[in-house]
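# Working through the structure, step by step
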Amino acid sequence: MIAYFEAVRKVLEKLESTQEESVKRAAQMLADAIASGGMVYVFGASHASIAAQELFYRAGGLVPINPILAPGLTTDVRPITRTTHIERMPGYAEVLLRDVPIGSGDVLVVVSVSGRNTVPIEMAEEAGKRGAKVIAVTSLAYSKAVSSRAPSGKLLYQVADLVLDLCGDPGDAAVEIPGLKQRVGPTSTVAAAVLLNAVVVETARELLTRGIEPPIFLSANLDGADAHNASLLARYSGRLTYM
């Protein structure tokens, strides 16, 4: 048996057994925002930014999702080590959000595996001050094993309205190899993609129960998709920050 397959399988089983109610609550929050004309924003720093990229302009995904892809905090930064330092900078989240029209009626999803670094925490705090609902995607076991680096002294899960637990180990890597001190094989990216896509699916289901047609992208490689997607993009014209 391949060890990483087994490690991911265990995480997925734990997600399924522990996160169902949180996923449904998150879906209700997203559905509330979409039904009232609000938007969903998603932010992550460094590898957590992969989750933000997974959710927007995505076949089978919701249209009204805006990524916050912060300069200096995506994986194309060189040197990549700079992201570690920038993620710890007080005040940077407030600067980033100056140009983001997030407020009451919107939802912000913040992905941070450890939940200890300053920018994700202050991003959640600032969005909350503006009246947005905040969903934290984080590893509670990891967060509870470390201290906060934010000036407030709080961890991400402590400043969110709802927490989706990545169910990973402190340090993220999950596989032990005899003779090697350091664990290998992080699970957070897989877990975040599963949790957030589960929320998308349940949001679509929730909207339908309210009599609202979910705004879902079709794959651009399906016949008829161009017209379908163009009509949805037109509906949200001026509110999709990546256009």
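See the structure shown above.
Quantities reported herein were computed from a predicted structural model and do not represent experimental measurements. (Residues numbered from 1 in each chain as written. Predicted model: local features only at pLDDT ≥ 70, side-chain atom pairs only at ≥ 80, totals over all residues. Heavy atoms only, no water.)

### A look at the overall build of the protein
Filter applied, for reference: The secondary structure listing takes helices from DSSP runs of H or I that are at least 4 residues long and strands from runs of E that are at least 2 residues long, numbered from the N terminus. Every residue pair with non-hydrogen atoms within 4.5 Å of one another is taken to be in contact. Residue burial considers only the protein chains on display, and all accessible areas are found by Shrake-Rupley using a 1.4 Å probe. Counting rule applied: Lys, Arg positive; Asp, Glu negative; His and chain ends not counted. Charge positions come from single atoms, namely NZ of Lys, CZ of Arg, CG of Asp or CD of Glu.
On a plain count of helices and strands, the protein comes out with nine helices and seven strands. Taken along the three principal axes of its C-alpha coordinates, the protein extends 55 × 45 × 35 Å. Restricting the contact set of the protein to residue pairs at least 6 apart, pairs at least 24 apart contribute 77%. About 11,800 Å² of surface is accessible on the protein, with carbon and sulfur atoms providing 53% of the total. Within the protein, one finds 23 positive and 25 negative side-chain charges whose respective centroids are separated by 6 Å.

### Some words on the environment of Ile-65
As for its placement among the helices and strands, Ile-65 is situated in strand E2 (residues 65-68). Residues Ile-65 and Arg-210, 145 residues apart in the sequence, show an inter-C-alpha distance of 20 Å. Not counting chain neighbours up to four residues away, the residues in contact with Ile-65 comprise Met-39, Val-40, Val-42, Leu-55, Phe-56, Leu-240 and Tyr-242.

### A closer look at the side chain of Thr-203
Applied cut-off: Burial status follows relative accessibility: with a 1.4 Å probe on protein chains alone, a residue under 20% of its type maximum counts as buried, one over 50% as exposed, and anything between as partly exposed.
Examined against the element boundaries, Thr-203 turns out to sit in helix H8 (residues 188-209). Take Thr-203: its relative accessible area is 0%, and that puts it in the buried class.

### Things to note about the packing of helix H1 (residues 3-18) against H8
Condition: For every element, the axis is a line fit to its C-alpha atoms; helices are fit only across the contacting stretch, and the angle between N-to-C directions ranges from 0 to 180 degrees. The crossing is said to be left-handed when, going from far helix to near helix, the turn is anticlockwise and less than a right angle, and right-handed when the turn is clockwise. Residues are grouped as follows: Ala, Val, Leu, Ile, Met, Phe, Trp, Tyr, Cys and Pro are nonpolar; Asp, Glu, Lys and Arg are charged; every other residue, Gly included, is polar.
Running from N to C, H1 and H8 cross one another at 35°; their axes reach a closest spacing of 10 Å. In the crossing of H1 with H8, the sense of the turn from one axis to the other is right-handed. On the side of H1, the interface is formed by Tyr-4, Val-8, Val-11, Leu-12 and Leu-15, while H8 contributes Val-190, Ala-191, Val-194 and Leu-195. Considering only residue class, the contact of H1 with H8 consists of nine nonpolar, no polar and no charged.

### A look at the pairing of strand E4 (residues 133-138)
Test applied: Should DSSP find at least two bridges between two strands, the strands are taken to pair. For crossovers, right-handed means that the path from the first strand over the helix to the second runs clockwise, given strands pointing away from the viewer.
Burial of E4 is extensive: five of the six residues sit out of reach of the surface. Judged from the five bridges that link them, strand E3 (residues 107-111) and E4 form a sheet pairing that is parallel. Bridge pairing in E4 places Val-109 opposite Ile-135. Handedness of the β-α-β unit built from E3, helix H6 (residues 118-129) and E4 comes out right-handed. With four bridges connecting them, E4 and strand E5 (residues 162-165) associate as parallel partners. Following the sheet pairing, Val-137 is matched in E5 by Leu-164.

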